[in-house]
Amino acid sequence: MLANLKKPSIWLPLLSLVIVFGGWEIVGRSINPLLFAPPSVVAAQFSELVTSGELAEAAQITMKALFLGYALAVLAGIPFGIVMGAWDRFGDILQPYLYAIFATPRVVVVPLIVVWFGIGFEARLFLVFFWSAIAISVNTAQGVRHARPDLVEVAHSFQASRLQMARHVLIPGAIPFVVAGLRIGAERAIVGVIIGEMFLQIVGLGGVIASGSSELLPAKMLCAVAVIAVMGTIIVTALDMLERRFQSWKGA
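This section reports on the structure supplied with the text. (Residues numbered from 1 in each chain as written. Predicted model: local features only at pLDDT ≥ 70, side-chain atom pairs only at ≥ 80, totals over all residues. Heavy atoms only, no water.)

## Overview of unusual backbone geometry
Not every positive phi belongs to a glycine, and Leu216 is a case in point at roughly 55°. Along the chain, Leu216 turns up in the loop between helix H10 (204-214) and helix H11 (218-246). (Helix = DSSP H or I, 4+ residues; strand = E, 2+ residues; numbered from the N terminus.)

## Re the nonpolar core
Considering soluble globular proteins, one finds that nonpolar side chains tend to be buried as a cluster. Ranked by size, the top nonpolar core spans 35 residues in total, and within it Leu66, Tyr70, Leu205 and Ile235 carry the most contacts. Broken down by secondary-structure element, the contributors of at least two residues to this core are helix H3 (39-52), helix H4 (54-86), helix H7 (121-145), helix H9 (162-199), H10 and H11. Sort the elements by how many residues they give to this core and H4 lands first, with nine residues. Among residues more than four places away in sequence, those in contact with Leu66 are Val128, Ala189, Ile190, Val193, Met231 and Ile235. (Core = buried A, V, L, I, M, F, W, Y, C linked by side-chain atoms within 4.5 Å. Buried < 20%, exposed > 50% of the residue type's maximum accessible area, 1.4 Å probe, protein only. Contact = heavy atoms within 4.5 Å.)

## A few points about the environment of Ser40
Along the chain, the position of Ser40 falls in helix H3. We classify Ser40 as partly exposed; its relative accessible area is 34%. Remark: the alpha-carbon pair of Ser40 and Glu25, spanning 15 residues in sequence, is separated by 7.3 Å. Beyond its immediate chain neighbours, meaning those up to four positions away, Ser40 contacts Glu25 and Arg29.

## Notes on the packing of H4 against H7
Running from N to C, H4 and H7 cross one another at 35°; their axes reach a closest spacing of 6 Å. Both H4 and H7 take part in a crossing whose hand is right-handed. Partitioning the contact of H4 with H7 into residue classes produces 22 nonpolar, seven polar and three charged. (Axes fitted to C-alpha atoms, helices over the stretch in contact; angles between N-to-C directions. Left-handed = near helix turned anticlockwise from the far one by under 90°. Nonpolar A, V, L, I, M, F, W, Y, C, P; charged D, E, K, R; others polar.)

## Considering the packing of aromatic side chains
Considering all chains together, one arrives at four aromatic pairs under this definition. Note on Trp116 and Phe126: the rings are 6.3 Å apart at their centroids and 85° apart in plane angle, and the pair reads as edge-to-face. Linking Trp116 in helix H6 (residues 110-117) with Phe126 in helix H7, this pair joins segments that are 10 residues apart in sequence. Note on Trp116: relative accessible area 54%, which makes it exposed. (Phe/Tyr/Trp six-rings, centres within 6.5 Å; stacked < 30°, edge-to-face > 60°.)

Here is the structure:
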């Protein structure tokens, strides 16, 4: 145990945590409590929110919209990306529009989503699905288009059909890009669900942040932010590990 603690990969992160939280505590105590809160106050507020059940209920609402919207984005985005990559003309027509939507801030389309879906669960679900699906489909299409040329040439020499080409060459070669798209889509899904909860329907962890802001309780806001950060770190780290596992599959 002590030998492991001597490794830089272990003690450096621990040291950074001590420095960050120590500095946060010192700075937080020197600032107006209506503007900022030190870790000790955040911890007390966190315990209060957990005891009342407010934080657990908010996290459950957030995760329901997040995981359902993301799952639908995966189911729709991967096949759509394969079609875009396999049929060049179809992809060339759609890709500029997808890039434009991808670059558009999510807040800009919130009024349109309100008109289309109202402010309930369906609106938040669509916001998560829409931006995640675009990231996943664009990356999948790039992967299909960057399949190894030697394998494509061999498949053509054996007169493989378009379906066989997609099944045995294009899709397997696109897996590293698909996994990268899943990671990017997850990041955008997390941002999307929080925006939906803050600007569409004041619920979930985004609602906790919004209510903390209106009540001038920075500690309450930081509790929700901390839960979101931990949840996002776990999801993105898992997908990042999966992406590194398939990184060697990429062709030159």
